[in-house]
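# Survey of secondary and tertiary structure
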Amino acid sequence: MSQGEDHAVDPDVSSTTTTTPAAAADTFRLLQLFGIVVVGLLAAVMIGFIALDWLRLYPYADSYSVVDTFYSATGIDPAIGFVFEQVMIVGQWMDYWFGTNVFQHPFMWRSIATGVLIGIVAPLVGTYLVHRQMALIGETLAHTAFAGVAVGLIVIGVTGLGSGSTGLEGSLLFIALVVSILGALAVQWLTERTNTFGDVPIAIMLSGSFAVGTLLISWGRGTVPVSIDIEAYLFGSLAVVTAGGARLMAVLSVAVVGVVALTYKQLLFITFDEQAARVAQLNVGWYNTLLVVMTAVVVVGAMQVLGVILVAGMLVIPVAAASQIARSFRETLYLSILIGQISVLGGFAFAISQSLPSGGSIIVVAILIYVLAVVFSERSAALSMH
């Protein structure tokens, strides 16, 4: 073949090799967007169920006559009750199809709804933490939340706050949320004002908060007349999620997604070039504090399903798996949410079928996805800021 013929063939070959990867990339991007839309719709349905579950409980009607009158005048209560009953019938059919006995119970749908929301907000916040090399902060705040549960037990035992199991669980989560946020602020304060390496204050807070929690629980068992399954908070349990816990997770999830959407560019800026952000007069300290507070919020919500010991895994593992195949920060964000969602639903399926703890099942599925991503990835070393 002559040189001229060779050049005549090369453009076709070159065109094929350049357009095919571009077409594959476009298809992959469309699949990502489709997956995000599906996850968004699923989250909306789950939030709708949580709202339905809340309205059917006739909240505060006994305490406030105005609410009682409103329910009676509008007829919302029987209407909501009818819709909720139809949802439970769907659950019965699902039990029939799958050969299970779980979907006809409201507590299971609360757990699934909470898990779906965790699969969104944990990787969402975790993407920023991983790229800022702050993965340990999630583990630290999880231990701080455990100390918050211990503090809550003492406070409830002394003051009698929270009547009934639902009130007890709701009060515990609220107190754990407050303690975890205070712990996040303390970590940020120590990091900015000490001369040690950045991970030293985090390590001190991690061990210190868990030590405090252990001491308070050991002391409270013989002193405070409140009993609760601490093991469920350590390792996660489907039965831990109450109606109040699911509502709290729904509110926190909407708040976290809204804050990230509003501050996406600022958080992205400080993630990849904090020094330049300071030069640009961006309030870096404020956004760092906002990030750790959001992490504390996610940790407390996720603690119900994953447990204190495993909650940090959902902040890190889906992001690590997504980073193996993503070529931009935004793509990592999308893929980590999708992987987080697959991990949660797959973990639930495995936990239900084998009667195992939900936390460990979810994390094992996430690790399997990570291993598959490592094995089959063909990613470049560079990550674009897009």
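Residues numbered from 1 in each chain as written. Predicted model: local features only at pLDDT ≥ 70, side-chain atom pairs only at ≥ 80, totals over all residues. Heavy atoms only, no water.

## Some words on the overall build of the chain
Along the chain, the regular secondary structure elements total 15 helices and 0 strands. Counting contacts in the chain only where the partners sit at least 6 residues apart, residues at least 24 apart contribute 77% of the total. Surface summary for the chain: the accessible area is close to 19000 Å², and the carbon and sulfur share equals 68%. (Helix = DSSP H or I, 4+ residues; strand = E, 2+ residues; numbered from the N terminus. Contact = heavy atoms within 4.5 Å. Areas by Shrake-Rupley, 256 points an atom, 1.4 Å probe, with all protein chains shown as cover.)

## A word on helix α10 (residues 264-272)
Taken together, the buried positions of α10 are occupied by Tyr264, Leu267, Leu268, Ile270 and Thr271. Against the buried residues of α10 lie α4 (106-131), α9 (243-262), α11 (274-279), α12 (284-306) and α14 (329-354). (Buried < 20%, exposed > 50% of the residue type's maximum accessible area, 1.4 Å probe, protein only.)

## Quick notes on the packing of α4 against α12
In contact at an axis separation of 9 Å, α4 and α12 are set at 150 degrees when each is read in the N-to-C sense. Crossing hand, α4 versus α12: left-handed. Facing Ser111, Thr114, Ile118, Val121, Ala122, Val125, Tyr128 and Leu129 of α4, the residues of α12 in contact are Leu291, Met294, Thr295, Val298, Gly301, Ala302, Gln304, Val305 and Leu306. For the contact of α4 with α12, the class distribution of residues is 12 nonpolar, 5 polar and no charged. (Axes fitted to C-alpha atoms, helices over the stretch in contact; angles between N-to-C directions. Left-handed = near helix turned anticlockwise from the far one by under 90°. Nonpolar A, V, L, I, M, F, W, Y, C, P; charged D, E, K, R; others polar.)

## A closer look at a nonpolar patch on the surface
There is a patch of nonpolar side chains on the surface, built from Ile367, Tyr370, Val371, Leu372, Val374, Val375 and Phe376 and spanning about 640 Å² of accessible area. As for its placement among the helices and strands, valine 375 is situated in helix α15 (residues 358-376). Here valine 375 falls in the exposed class, since its relative accessible area comes to 56%. (Patch = residues over 30% accessible without salt bridge, like charges linked within 9 Å, V, L, I, M, F, W, Y side chains within 5 Å. Salt bridge = Lys/Arg side-chain N within 4 Å of Asp/Glu carboxyl O.)

## A closer look at the pattern of salt bridges
This structure, assessed with the given rule, holds 3 salt bridges. The partner of aspartate 53 in a salt bridge is arginine 110, and the shortest N-O contact between them spans 2.6 Å. Taken together, the positions of aspartate 53 in helix α1 (residues 3-56) and arginine 110 in helix α4 put the pair 57 residues apart, joining distant regions of the chain. Of the two residues examined, aspartate 53 and arginine 110, each falls in the buried class. Salt-bridge contacts for arginine 132 lead to glutamate 274; the nearest nitrogen and oxygen are separated by 2.3 Å. Remark: glutamate 274 occurs in helix α11 and arginine 132 occurs in the loop between α4 and α5 (136-159); sequence separation between them is 142 residues. Three or more residues joined by partner-sharing salt bridges are found here, namely Arg132, Glu274 and Arg278.

## Considering the environment of valine 298
On the secondary structure map, valine 298 appears in helix α12. In this structure, the C-alpha to C-alpha distance between valine 298 and methionine 249, residues 49 residues apart in sequence, is 8.2 Å. Excluding residues within four positions of it along the chain, valine 298 makes contact with Val121, Ala122, Val125, Val256 and Leu315.

## Comments concerning the packing of aromatic side chains
Here the structure, examined in full by the defined rule, presents 10 aromatic pairs. Considering the side-chain rings of phenylalanine 49 and phenylalanine 84, the 5.7 Å spacing of their centres and the 25 degrees angle between planes classify their relative orientation as stacked. Placement of phenylalanine 49 in helix α1 and of phenylalanine 84 in helix α3 (residues 76-98) is noted, with a sequence separation of 35 residues between them. Neither phenylalanine 49 nor phenylalanine 84 differs from the other in exposure class; each is buried. Taken together through their ring pairs, the aromatic side chains of Phe49, Phe84, Phe98, Phe103 and Trp109 make up a single cluster. (Phe/Tyr/Trp six-rings, centres within 6.5 Å; stacked < 30°, edge-to-face > 60°.)

## Observations regarding unusual backbone geometry
Trans is the common state for peptide bonds, and a negative phi is the common state for residues other than glycine. The phi dihedral of glutamine 133 falls on the positive side, at around 55 degrees, and the residue is not glycine. With a phi close to 55 degrees, serine 355 is a non-glycine residue in the positive phi region. Residue classification places serine 355 among the exposed residues on the basis of a relative accessible area of 66%.

## A few points about the side chain of asparagine 288
Structurally, the position occupied by asparagine 288 is in helix α12. In this structure asparagine 288 touches Arg132, Gln188, Ile270 and Glu274, once residues within four positions along its chain are discounted.

## Quick look at α4
The first and last C-alpha atoms of α4 sit 38 Å apart over 26 residues, in line with the 38 Å expected at 1.5 Å per residue. Counted residue by residue, α4 has 22 buried out of 26 residues, so it is predominantly covered. Immediately downstream of α4, the backbone of glutamine 133 shows phi near 55 degrees, a positive value. (Expected span 1.5 Å × (residues − 1).)

## Considerations on the confidence of the model for the chain
Taken over all residues, the pLDDT of the chain has a mean of 80, while the share at 70 or more is 79%. Note that pLDDT drops below 50 for residues 1-19; the model gives that stretch 3 contacts with residues more than four away or on any other chain. When the criterion is pLDDT under 50, residues 380-385 qualifies, and its contacts beyond four places in sequence or with other chains add up to 13 contacts. (pLDDT = per-residue confidence, 0-100.)

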